[in-house]
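Next come the chains, spelled out residue by residue.
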Amino acid sequence: ERIEFKATGYPTDLTDAQWARLEDFSQGPNSLYHKRALIDAALYRENNRCGWKALPHDFPPYFTVQTFYRRAVSSGLWEKVRFAVRER
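Here is a short report on the structure shown in this document. All of these numbers come straight from a predicted model, not from anything done at the bench.

### Focus: the environment of L38
Point 1. Relative to the elements of secondary structure, L38 occurs in helix 2 (residues 35–48).
Point 2. A relative accessible area of 2% means that L38 is categorised as buried.
Point 3. Separated by 29 residues in the primary sequence, L38 and T67 place their C-alpha atoms 9.7 Å from one another.

Here it is in structure tokens:
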């Protein structure tokens, strides 16, 4: 069963407007975790320059986020995420 999205409240989290622009691009293999939570976690890691294992525990497990991030970079999704974040 899929875990519903729950906002974490970090400054790096996507806004609703940013998520609306990315939602169409976030299609892919179904995950137990909501794609927005995975993106928020990867943005947190990128902006705070922490290791994967240092992600706060209110994000999905680090290995899930890490796998998502690597696939997003390979597929070009991550560039779309970075563009949406710059539009803040």
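### Side note on the pattern of salt bridges
Point 1. For the coordinates displayed, the defined rule picks out three salt bridges.
Point 2. Ionic pairing is found between R82 and E46, a salt bridge with its closest N-O pair at 2.9 Å. Here E46 lies in helix 2 and R82 lies in helix 4 (residues 77–86), a separation of 36 residues in the sequence.
Point 3. The exposure class of E46 is partly exposed, given its relative accessible area of 23%.
Point 4. Of the charged contacts, one joins E79 and R86 as a salt bridge, the two residues approaching to 3.4 Å between their closest N and O atoms.
Point 5. R86 gets classed as exposed once you look at its relative accessible area, which sits at 55%.

Cut-off values and rules
- Residues numbered from 1 in each chain as written.
- Predicted model: local features only at pLDDT ≥ 70, side-chain atom pairs only at ≥ 80, totals over all residues.
- Heavy atoms only, no water.
- Helix = DSSP H or I, 4+ residues; strand = E, 2+ residues; numbered from the N terminus.
- Buried < 20%, exposed > 50% of the residue type's maximum accessible area, 1.4 Å probe, protein only.
- Salt bridge = Lys/Arg side-chain N within 4 Å of Asp/Glu carboxyl O.

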